[in-house]
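Analysis of the macromolecular model
Here's the letter readout for the chains.
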Amino acid sequence: LEDKLFSLIMTYYKSPAIFRNILGKIYRKIPLSIRYGKTYIKYRKILENSAYWDVSKKNEYTLSRLKETFINAYENTKYYKEIFDEVNFNPYKFSNLNGIKSIPFSDKQTLRNHKKDLINKKIPKYKLMYTTTGGTSGIPVEVYFIKGRERSREYAFMTKQWERIGYKYNDKIARLRGTVIDYNGNNILFKFEPIKNRLLLSTYDLYEENFPLFINKLKEFKPDFIHTYPSAILLLAKYIIKKNVKLEGLKGIFCSSEQFYPGQRDILEKAFNTKVYSWYGHTEGTTLAGECEVNTDYHLFFEYGYTELIDEKGDIITEPGKQGEIVGTSFEMKAFPIIRYRTGDFAEYVEGKCTCGRNYKLIKNVKGRWLQEKIITKKKSTISLTALNMHSDIFDNVIQYQFYQDKIGEVWLKIIKNNKYTKKDADKILLSFKIKFKDYVSIKIKYVKKIDRTEMGKHKFLIQKLNIKEYI
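The structure reproduced in this document is the subject of the present report. (Residues numbered from 1 in each chain as written. Predicted model: local features only at pLDDT ≥ 70, side-chain atom pairs only at ≥ 80, totals over all residues. Heavy atoms only, no water.)

**With respect to the overall build of the protein**
As a reminder, the rule being used: Each helix corresponds to a stretch of at least 4 residues labelled H or I by DSSP, and each strand to a stretch of at least 2 residues labelled E; elements are numbered beginning at the N terminus. Throughout, the radius of gyration refers to the C-alpha atoms, and the reference size of a globule is 2.2 Å times the residue count to the power 0.38. The rule is simple: take the accessible area with a 1.4 Å probe, protein chains only, and divide by the maximum for that residue type; under 20% is buried, over 50% is exposed, in between is partly exposed. In what follows, residue pairs with any heavy atoms lying within 4.5 Å of each other are defined as contacts.
Of regular secondary structure, the protein possesses 13 helices and 20 strands. Taken over the C-alpha trace, the protein has a radius of gyration of 22 Å; the compact-globule value for 472 residues is 23 Å, and the two agree within 12%. Dimensions of the protein, computed from C-alpha atoms along their principal axes, come out at roughly 65 × 50 × 50 Å. Scored against the burial criterion, the 472 residues of the protein give a buried share of 56%. In the protein, once contacts between residues fewer than 6 apart in sequence are set aside, the share between residues at least 24 apart is 68%.

**Concerning the packing of helix α4 (residues 37-47) against helix α9 (residues 150-162)**
We apply this condition: Only the stretch in contact is used when a helix axis is fitted, and all axes are lines through C-alpha atoms; the angle between N-to-C directions ranges over 0 to 180 degrees. Two helices cross in a left-handed way if the nearer one is turned anticlockwise from the farther one by less than a right angle. They cross in a right-handed way if the turn is clockwise. Classes in brief: Ala, Val, Leu, Ile, Met, Phe, Trp, Tyr, Cys and Pro nonpolar; Asp, Glu, Lys and Arg charged; the others, Gly included, polar.
Direction vectors running N to C along α4 and α9 enclose 30°, while the axes themselves pass 7 Å from each other. Every pair of crossing elements has a handedness; the one defined by α4 and α9 is right-handed. Between α4 and α9, the residues in contact are Thr39, Tyr40, Tyr43, Arg44 and Leu47 and Ser152, Arg153, Tyr155, Ala156, Phe157, Thr159 and Lys160, respectively. Looking at the contact of α4 with α9 residue by residue, the classes come out as 6 nonpolar, 3 polar and 3 charged.

**Overview of the sheet that holds strand β7 (residues 252-255)**
What counts here: The pairing criterion is simple: DSSP has to find at least two bridges between the two strands.
Across the sheet, 12 strands lie side by side as β4-β5-β3-β6-β7-β8-β9-β10-β14-β13-β12-β11; this open sheet has mixed pairing. Lying at the two open borders of the sheet, with one neighbouring strand each, are β4 (190-193) and β11 (305-310). Neighbour to neighbour, the strand axes of the sheet diverge by 30° on average, direction disregarded. For strand β12 (residues 323-330) and strand β13 (residues 341-350), the ladder comprises 5 bridges, and the chain directions are antiparallel. Looking at the pairing, Val327 lines up with Arg342 of β13. Across the sheet, helix α10 (residues 211-221) lies against β3 (173-176), β4 and β5 (198-201), angled at about 175° from β5, the strand it touches most.

**Quick word on the environment of Leu385**
Structurally, the position occupied by Leu385 is in the loop between β16 (382-384) and β17 (398-407). In the structure, Leu385 is positioned 301 residues away from Phe84 in sequence and 38 Å away in space, judged by C-alpha atoms. Contact partners of Leu385, with chain neighbours within four places excluded, come to Glu373, Ile375, Phe403, Phe461 and Leu462.

**As for the nonpolar core**
Most often, soluble globular proteins have nonpolar side chains that are buried together. Heads up, the condition is: Here, nonpolar core means buried Ala, Val, Leu, Ile, Met, Phe, Trp, Tyr and Cys residues that are tied together by side-chain atoms lying within 4.5 Å of each other.
Ranked by internal contacts, the top residues of the largest apolar core, which has 56 residues, are Phe70, Phe84, Leu111, Val143, Trp162, Phe254 and Phe336. Secondary structure elements with two or more residues in this core: α4, α5 (55-76), α6 (78-86), β1 (128-132), β2 (142-146), α9 and β8 (276-281). In this structure, Trp162 is in contact with Tyr167, Ile173, His227, Phe254, Tyr277 and Trp279, ignoring residues within four places of it in sequence. Counting 32 residues, the second largest nonpolar core, distinct from the first, contains Ala174, Leu218, Leu234 and Ala237.

**Quick look at helix α12 (residues 264-272)**
Convention followed: Along the arc lie the directions from the helix axis toward the C-beta atoms.
Listing the buried residues of α12 in full gives Gln264, Arg265, Leu268, Ala271 and Phe272. For α12, the angular spread of buried residues about the axis comes to 135°, placing them on one side. Opposite the packed face of α12, turned more than 90 degrees from it, sit the exposed residues Asp266 and Lys270. Of the residues one or two after α12, Asn273 is the one with positive phi, at around 50°.

**Considerations on the pattern of salt bridges**
Test applied: Whenever Lys or Arg places a side-chain nitrogen within 4 Å of a carboxyl oxygen from Asp or Glu, that contact is recorded as a salt bridge.
All told, the structure shown has 23 salt bridges when counted by the stated rule. Measuring nitrogen to oxygen at the nearest pair gives 3.5 Å for the salt bridge that ties Lys242 to Glu208. With Lys242 in helix α11 (residues 230-243) and Glu208 in the loop between β5 and α10, the pair connects residues that are 34 residues apart, well separated along the chain. Lys423 is the partner of Asp427 in a salt bridge, and the nearest nitrogen-oxygen pair spans 3.1 Å. Taken together, the positions of Asp427 and Lys423, both in helix α13 (residues 423-437) and 4 residues apart, correspond to about one turn of that helix.

Shown next as structure tokens:
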């Protein structure tokens, strides 16, 4: 049934607009339990009560899911079979959370170097869905999902946390998150997507002369929520405050994929007269954490995956206010197990539990690949590089890349290529960015053998030599 629904969705996307509207309205009436299948039902049932489980029940659940994850990885992947044997880790005897410490950490390079050996050998290729991470650290990573499974889990968790500030299924959403609206140069800024009852707005056309068009479209659509990047909607928010524009009826703004800088949340809530809700997650699917209705600390979903916060020695942090790296183990990445994954993101440990009553561990001040980095266009406006995350195959033959800007409207893309890289790869990369940048930014490729790391040993996505404060 899930395969048939997947085929229906593909038919929908290939159809003319008039048929998409009809198919979309019909599809929205199908119950979520049917649309998203057994995985969705499973997690929604768990999430009905799990936030309030006591420590004993939480630990029992976590141990069970970790053991299931380890056994799957050991039995079905070459990489983890070898790693577990090498460190004498027996997944069948795993019975204590401290036992996870004997498993070595993994990272982006691990996933890249051992991609073939990490794929579950028992899952047929036709059931695998390929995607890449956004590459905001300059090192995109390929991962594999099981069609109709991982996405179903994601939707169960996302909607559950959105419900904390009033979201209901079929509410209207305006989405300003890097979606390309117009591939043909027809200056189309908006597109309605009936299958999800949402309005897509072009992140790449956020120029002041277009702001009245965006505002009028929002007034016409009357969304219940806006789903966006903080840096993208901030430009529009400042204009709204400046022009004293009133937008009525918004229940909230969903923000993710970027860290908030001081004062930004206040600007958004003032401009749109509503609450801003933020969360943390990533394509690798190991960790998910979101705010609640009373607190801006991130509540870690223990039902989603097992999250550790480690110091520079790899030890678990339990000291309030101390910053450490987020390490995650996914419970649902059965096609491509990801275990003790160093995300490259950092957060502060928060002691105790939230006054909302949910028994989730808390973190705050997440930093790392979420940092907002902007390119300055020829029109002296900005485009957030978060919006340029390339969840596609254009960087498959690229080991690492980095943007560099020291002139307005001009950007260099430094690339370390692998031995399979050809001119076709360069053409695909340039075309992809041409579609997004249009004529507002010229981009050139420069091949290098090394890209320097930051003092913390991280890969920086953009080296920006211009004074960004002059343009925001």
